[in-house]
Each structure stands twice: as C-alpha cells, then as structure tokens.
Amino acid sequence: VCENPGNTLFVQPTIQMSTDIAMRFESTMQANQHLFKDKIKDKRARDSGNTKFDKAFPGGRLSFASAGSPSQLAARPIRNLLPDEIDRWPFSAGFEGSPLQIAEKRMSSFTFSKKEILTSSPTDELTSIIDKEFHFSDQQYWHFICPHCQHESTAEWDNVKWQKVKEAYYECPSCKNGIPNDDFKNAQLEGRWIALNGAFFLNHSRLFFIQILNQPL
C-alpha cells in the first residue's frame, strides 16, 4: 500500500479466517493513521473504494478472499498473491478446481513483476501443498552460531535439555556445552538463512523453513 503499491490478493482457507484477517488490517490502519490516511479513504466517504474485503488505494487494490470462493479468486488481475495456510485449503473452489491455480491465473498479466508468497504450517505429508513446494525449492533453514565453539547449525528439538520442569537450555551438537535461554535467544537473533538445496534456486522458488524452536526457549 505504502512502499510498493499494486493489486494484491490475500487468500485464507475459510471466509471466517478471511474476515478475521480483514478486521486485523482495519485495526492496523487505525493504529497507523499517519501512514494510511492519504492512501485509503474513509468507508463513509462516497465512492471510497473501501469495504470490509476490498481496499482501493493509489496504484492498486488490496483484496481479502476465501479459498472456497471461485468468484473472489477470479475477480480481477493481481500482481501480488498471498496464499496463507494453504495446507488447510479445500481441494476445489466450488466445482472449478484448485483454488491456488485459479488465483495464480490472475497473475498472468504481470510476467516479470509478479510476486507470490506461500505460507503454511505443514499437515499431512501425502497431501501437503507447502511440503511439495518446499521439496522443489532451495530449502532455506535458519542457522545460528554456538557462542562456545562457533559451530553453525539449525535448532533441533533433540538438543533441548531440561534442568527443572520449567527450565531448559540448548546443548550444542558439536561441543556439547549448554547454551542458556538468553544466550540462545541472542544467537538466534544473529543467525542467518542458508539454502541446503541451492542448485534449485535458478529454476525454482525460494522457500524458508522456520519453527517455534527458533524462538527463545
């Protein structure tokens, strides 16, 4: 809206989730009026282009849609597609087929400037869309450096050790030294993304895997 305006579609699995996201965006607008007041008109203004699921602004439009509604998915051309929680999407939008493919067809007018950001928590491995997309991507994982031996690795649950019921620390897989919560948090903040399947980058997508363990223990 403010930095790189363009037609954008934000898609949720259900109409209720789409409504919730649209309401959260309304709250964000209210809390940051200095950014949006000259971009998105007040709903009460005539021909404002501002409804619950559709926000018009100079240079584009932000729309919120449900993956189960083919009419919402195929409404107008878009440059930016934001499919959220795609592993929880229905297999078909009504009787019209894959909701993701329907939405992606709307980007055909923007060959070089289009952008698609898929996000989801993985579900069933056999049917998971995000797992399939991740397999054919450069597979980037968040790595951090051990403050004791400088070994760089991803965070794994097997290395979480418990001193007491509510107190945990992280054990470095290389030097076996314990990393207290505060030090682990700082190490995470100073980490970096590393592509483990870099050969796929030129022809496929960049996807990033992050888990709750990348937060402080």
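In what follows, the structure referred to is the one given above.
The paragraphs below set out a description of the structure included in this document. Not measured: the values here are computed from a predicted model.

Considerations on unusual backbone geometry
Of all residues except glycine, most have a negative phi; of all peptide bonds, most are trans.
In step 1: In this structure, Glu85 is a non-glycine residue whose phi angle is positive, near 50°.
In step 2: With respect to the secondary-structure elements, Glu85 resides in the loop between β4 (80–83) and α4 (99–105).
In step 3: On the basis of relative accessibility, which here comes to 18%, the residue Glu85 falls in the buried class.
In step 4: A positive phi is found at Gln139, a non-glycine position, where the angle reads about 55°.
In step 5: One can find Gln139 in the loop between α5 (129–135) and β6 (140–145).
In step 6: The buried category is assigned to Gln139, whose relative accessible area is 17%.

Concerning the environment of Thr123
In step 1: Residue position: Thr123 is located in the loop between β5 (115–116) and α5.
In step 2: When the C-alpha atoms of Thr123 and Ile86 are compared, they prove to be 9.8 Å apart, with 37 residues separating the residues in sequence.
In step 3: Excluding anything up to four places from it in sequence, Thr123 contacts Asp87, Arg88 and Ser128.

What counts, and at which threshold
- Residues numbered from 1 in each chain as written.
- Predicted model: local features only at pLDDT ≥ 70, side-chain atom pairs only at ≥ 80, totals over all residues.
- Heavy atoms only, no water.
- Helix = DSSP H or I, 4+ residues; strand = E, 2+ residues; numbered from the N terminus.
- Buried < 20%, exposed > 50% of the residue type's maximum accessible area, 1.4 Å probe, protein only.
- Contact = heavy atoms within 4.5 Å.

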